[in-house]
Amino acid sequence: MVSATKQGSDSAAQDGEPDRREVPHSADQGLNQAVAAQDTTSQAGGEPVAPGPGGTGNPGLRHVAFRARIWQRRALIVALRVARLVLTGVRRFLPGLRYLGRSLQQRWRRSLQFRTVLTTLMLAVTSFAVVGAYLSNQIANNLFQERLTQAESETRYNVKQVQETFDGAQVTDQSSVITLVSDTLSAVEGRGSVIQRRYVFEAMPNQTKPRNRWVESRASDQLTVSVIPPDLRKAVQESGKDQYWASTVIPVGTEDRPGIAVGNKVTFNGTVYELYLIYDLNTAQQTLNEIQSVLWAGGAVLVLLIGAVAWYVTRNVVSPVSHAAMVSEKLAAGQLQERMVVKGEDEVARLGASFNHMAASLQEQITQLATLSQMQQRFVSDVSHELRTPLTTVRMAAEVLYDARDDFDPINKRSAELLYNQVERFQSLLSDLLEISRFDAGVAVLDAEPEDLLQVIAHVIEGAAPVAAEYGSEILYTAPSDAVIVEMDARRIDRILRNLILNAVEHGEGKPVTVTVVANDTAVGVSVRDHGIGMDQSQAARVFDRFWRADPARARTTGGSGLGLSIAMEDTKLHHGWLQAWGRKGDGANFRLTLPLRQDGEISESPVQLEPTDATMPGAPGSIPAEQDYKNMLLLQAGAAGSAPVRPPEEAP
């Protein structure tokens, strides 16, 4: 930065402030130029040294160049070795850094106290950094402006004294001139009112040399004209009586100090000189450094105090919440006797008391429900077992009457048929109740053996053929060409599939029912799709509840007990499988059974899609799979019971 101040008593008296004009300048430019000038100048005579072409010339220079290439090569080798060591260290410490990063990330997600304290510290550090930077900048600007004002004022006074001394001098010989200039400039040099002052005295270039010009340049110790920024020299040379200033760097001993160079013109014996007074700002810089150190140290201590306060406050708030979370987890695990420790009468204490009251109420209700459930299970089990003997007697009597119904009159004959059918339904309901009681008691045992699932499905479809013929439905069966061996309890899987297929036939409204089997490396999926009345999402969510019916007013002609799908769900759980339902009003329903091929296997994805993609009726073009993907398609025609399966035309003999 170069600034100009016009010298003149009139303007200074009128304005009270110097008129400054600024020219952009880099503070380090003068220092760089000085270093460059020293590099291109020999130490002995000050003349530039140029080597001969092609590396010829002074043998000493060739030796220096040779040694320089050797040291350059050695430096490259050392740099490569250091880079290799750095890469090795990074590879070794990278797993630890990753582990630390994952630990911090996990801690951030799971700990409210850690997240709150860290966020508070980050905000505090950011705030103090912004405020500290602003204060430091303001203090630095104020110190610099204060020193600049003093430097301009002292320079103006000293330049005036120098000019008056030069104007009143009556010297004609060389020694007198040199002595006068030296004494005058030495009087200028020294400590000012606050800051150290030095000078550089240089004759302006491109002047007609007078006869009595015996002084070309003078400067304080260790100073040369190179410390003066070129922009400042140019501004002073092109000005009249204006005063200019610029920031510069002053070499003092082995260190460089910040400074301000203020330039003016003076004349002596007809020669124009550039007089620069250079002020050392090292004391101001030390003051600024001390202030910044105090600011940053105080900020660091304050941030630590804020972190400690945040940790203490959040600990008092988060600890009860953490304790409540731990007690809640224990309550969810079945430890209903767990309670929170309540201290004090504040909001947290009231929360703990309310939590304990809620836990006690839940424990009481859960205990009552568990007792009631046990009583209900025991009642169902006891009643089911007690009814088996009288039901067996009644069934035997009903069978006798049913077999002799042809000898009765029409009214008694119809009564015997109704009695026989209802006893059969009652027998089925009793069997289902006994099975449910086994599941509730936890005594159901899975007798799993490797068997072909396709044979079980074919057996179920064959048994459902008379019911499908009665409803006017046809069953479409698609399966892989190879056998599907599954570790399963064939009796339970048979019961699951019979429930699904008979329900599909009953609710299919006489439309076709599709049974699809798809297997992969870990699981097998069986879907039973009908196109009947369908059901919505809420009904599909409750379809496996006990005794639940989508339409209570709908007549059940097949005599189901209302427990079939519940038992099917329990059988599926024993196999570690999935049993899911999908439905849409007017578009039918789809039930999907997914089983692992081995009992110790896990199901990650079902091979069969739960929501059907077909929008048309089965049997339409494009709805039958390609023959290369499936072994056969068993089509049970609507008609007489026991009709033979009809294969696709391409497989007909």
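Rules of the game
- Counting of residues starts from 1 at the beginning of each chain's written sequence and follows it residue by residue.
- Where totals are concerned, whole chains, interfaces and linings use all residues; where local detail is concerned, this predicted model gives features only for residues with pLDDT of at least 70, and gives and counts side-chain atom pairs only at 80 or more.
- Each side-chain value is derived from all of the structure's non-hydrogen atoms; neither hydrogens nor water enter the calculation.
- The salt bridge definition used is simple: a Lys or Arg side-chain nitrogen within 4 Å of an Asp or Glu carboxyl oxygen.
- Only DSSP runs of H or I with at least four residues qualify as helices, and only runs of E with at least two residues qualify as strands; both kinds are numbered from the N terminus onward.
- We call a residue buried when its accessible area falls under 20% of the maximum for its residue type, exposed when it is over 50%, and partly exposed in between, using a 1.4 Å probe and counting protein chains only.
- For this analysis, a polar contact is any N or O atom pair within 3.5 Å, provided that within protein one partner can donate a hydrogen and the other can accept it, and provided that sequence-adjacent residues contribute only side-chain to side-chain pairs.
- We define a nonpolar core as any set of buried Ala, Val, Leu, Ile, Met, Phe, Trp, Tyr and Cys residues linked to one another through side-chain atoms lying within 4.5 Å.
- Note on definitions: a residue-residue contact is assigned when non-hydrogen atoms from the two residues lie within 4.5 Å.
- Pairing between strands is defined by DSSP: at least two bridges between the two strands are required.
- Axis definition: a line fitted to C-alpha atoms, over the contacting stretch in the case of helices. Angles run 0 to 180 degrees between N-to-C directions.
- Orientation labels follow simple angle bins: below 35 degrees gives roughly parallel, above 145 gives roughly antiparallel, 65 to 115 gives roughly perpendicular, and whatever is left gives oblique.
- Throughout, a crossing is termed right-handed when the near helix is turned clockwise from the far one, and left-handed when it is turned anticlockwise from it by less than a right angle.
- All residues other than Ala, Val, Leu, Ile, Met, Phe, Trp, Tyr, Cys, Pro, Asp, Glu, Lys and Arg, Gly among them, are scored as polar; the first ten of these are nonpolar and the last four charged.
- pLDDT expresses, on a scale from 0 to 100, how confident the predictor is about each individual residue.
- Residues with no salt bridge and a relative accessible area higher than 30% make up the patches, which join like charges within 9 Å and nonpolar side chains (Val, Leu, Ile, Met, Phe, Trp, Tyr) within 5 Å.
- Using a 1.4 Å probe, the Shrake-Rupley method yields the accessible areas, and only the shown protein chains count as cover for residues.

**Student:** Got a sec to walk through the pattern of salt bridges? Specific residues and values, please.
**Tutor:** As enumerated under the stated definition, the model contains 16 salt bridges in all. Among the ionic pairs, Asp571 bridges to Arg495, the shortest N-O distance being 3.0 Å. With Asp571 in helix α13 (residues 564-574) and Arg495 in helix α11 (residues 490-507), this residue pair connects regions lying 76 residues apart in the sequence. A relative accessible area of 18% places Arg495 in the buried class. Measuring nitrogen to oxygen at the nearest pair gives 3.8 Å for the salt bridge that ties Arg529 to Asp587. In this pair, Arg529 is assigned in strand β13 (residues 523-530) and Asp587 in the loop between β14 (578-584) and β15 (588-596), connecting sequence segments 58 residues apart. The pair formed by Arg529 and Asp587 is uniform in burial state, with each residue classed as buried. It is possible to trace a salt-bridge network through shared partners that takes in Asp489, Arg492, Arg495 and Asp571.

**Student:** For the side chain of Thr478, give the residues involved together with the corresponding values.
**Tutor:** Mapped onto the elements, Thr478 comes out in strand β10 (residues 475-478). A distance of 3.5 Å separates polar atoms of two side chains, one belonging to Thr478 and the other to Thr516.

**Student:** Would you mind going over the nonpolar core in detail, with residue names and values included?
**Tutor:** The biggest cluster of nonpolar side chains holds 43 residues, and the ones touching the most others in it are Ile457, Ile501 and Phe591. Excluding its chain neighbours within four sequence positions, the residues that come into contact with Ile501 are Val460, Ile461, Ala464, Ile475, Val515 and Val528. Within the second largest apolar cluster, 25 residues are counted, among which are Leu148, Ala203, Tyr273 and Leu281.

**Student:** A description of the pairing of strand β7 (residues 255-268) should follow, citing residues and the corresponding values.
**Tutor:** In the sheet, strand β6 (residues 242-252) pairs with β7 via 9 bridges, with the strands oriented antiparallel. Each bridged residue has a counterpart across the sheet, and for Trp245 the counterpart in β7 is Val262. Between β6 and β7, which pair antiparallel in sequence order, lie 2 residues; one of them, Gly253, sits at a positive phi of approximately 65°. Pairing of β7 with strand β8 (residues 271-280), which is carried by 10 bridges, proceeds in the antiparallel orientation. Pairing of Val266 across the sheet is with Tyr273, part of β8.

**Student:** Explain the packing of helix α4 (residues 112-167) against helix α5 (residues 174-188) residue by residue, including any values.
**Tutor:** Look at α4 against α5: their axes get within 10 Å of each other, and the N-to-C directions meet at 160°. As far as their axial angle goes, α5 and α4 are roughly antiparallel. Handedness of the crossing formed by α4 with α5: right-handed. Across from Asn158, Val162, Thr165 and Phe166 in α4, the residues of α5 making contact are Leu180, Val181, Thr184 and Val188. When grouped by side-chain class, the residues that make up the contact of α4 with α5 number 5 nonpolar, 3 polar and no charged.

**Student:** Go over the packing of helix α10 (residues 453-471) against α11 with me, naming the residues and quoting the values.
**Tutor:** Where α10 meets α11, the closest approach of the two axes is 9 Å, and the angle between their N-to-C directions is 30°. It follows that α10 is roughly parallel to α11 by the angle criterion. Where α10 crosses over α11, the handedness of that crossing is right-handed. Note on element contacts: α11 touches α10 through Ala490, Ile493, Asp494, Leu497, Arg498, Ile501, Leu502, Val505 and Glu506, opposite Leu453, Val456, Ile457, His459, Val460, Ile461, Ala464, Val467, Ala468 and Tyr471. Of the residues contributing to the contact of α10 with α11, the split by class is 15 nonpolar, 1 polar and 3 charged.

**Student:** Can you tell me about the confidence of the model for the protein chain, naming the residues and giving the values?
**Tutor:** The predicted coordinates should not be examined in detail at positions where pLDDT is low. When pLDDT is averaged across the protein chain, the result is 77; 80% of the residues are at 70 or more. Within the model, pLDDT remains below 50 along residues 6-56, and this stretch shows 66 contacts once partners closer than five positions in the same chain are excluded. For residues 555-559, every residue scores under 50 in pLDDT, and the model assigns this stretch 10 contacts once sequence neighbours within four places are set aside.

**Student:** Residue-level account of α13, with values.
**Tutor:** Of all 11 residues in α13, 8 are buried, a share of seventy percent or more. For α13, the full list of buried residues reads Gly564, Leu565, Ser566, Ile567, Ala568, Met569, Asp571 and Thr572. Looking one or two residues beyond α13, the residue adopting positive phi is His576, at roughly 60°.

**Student:** Which residues make up a nonpolar patch on the surface, and what values go with them?
**Tutor:** Side chains of Val78, Val82, Val86, Val90, Phe93, Leu94 and Leu97 sit close together on the surface and give an oily, nonpolar patch of about 650 Å² of accessible area. Counting through the fold element by element, Val78 comes out in helix α3 (residues 59-110).

**Student:** So what's going on with the pairing of β10? Residues and values would help.
**Tutor:** Burial along β10 is two-sided: the face carrying Ile475 and Tyr477 and the face carrying Leu476 and Thr478 are both buried. As defined by bridge partners, β10 adjoins strand β12 (residues 513-519) across 4 bridges and the pair is classed as parallel. From the neighbouring strand, Tyr477 faces β12, where its bridge partner is Val515.

**Student:** For the side chain of Ser566, give the residues involved together with the corresponding values.
**Tutor:** Structurally, the position occupied by Ser566 is in helix α13. Classification of Ser566 as buried rests on a relative accessible area of 5%. Each residue touching Ser566, except ones within four places of it in the same chain, is listed here: Phe544, Asp545 and Arg546.

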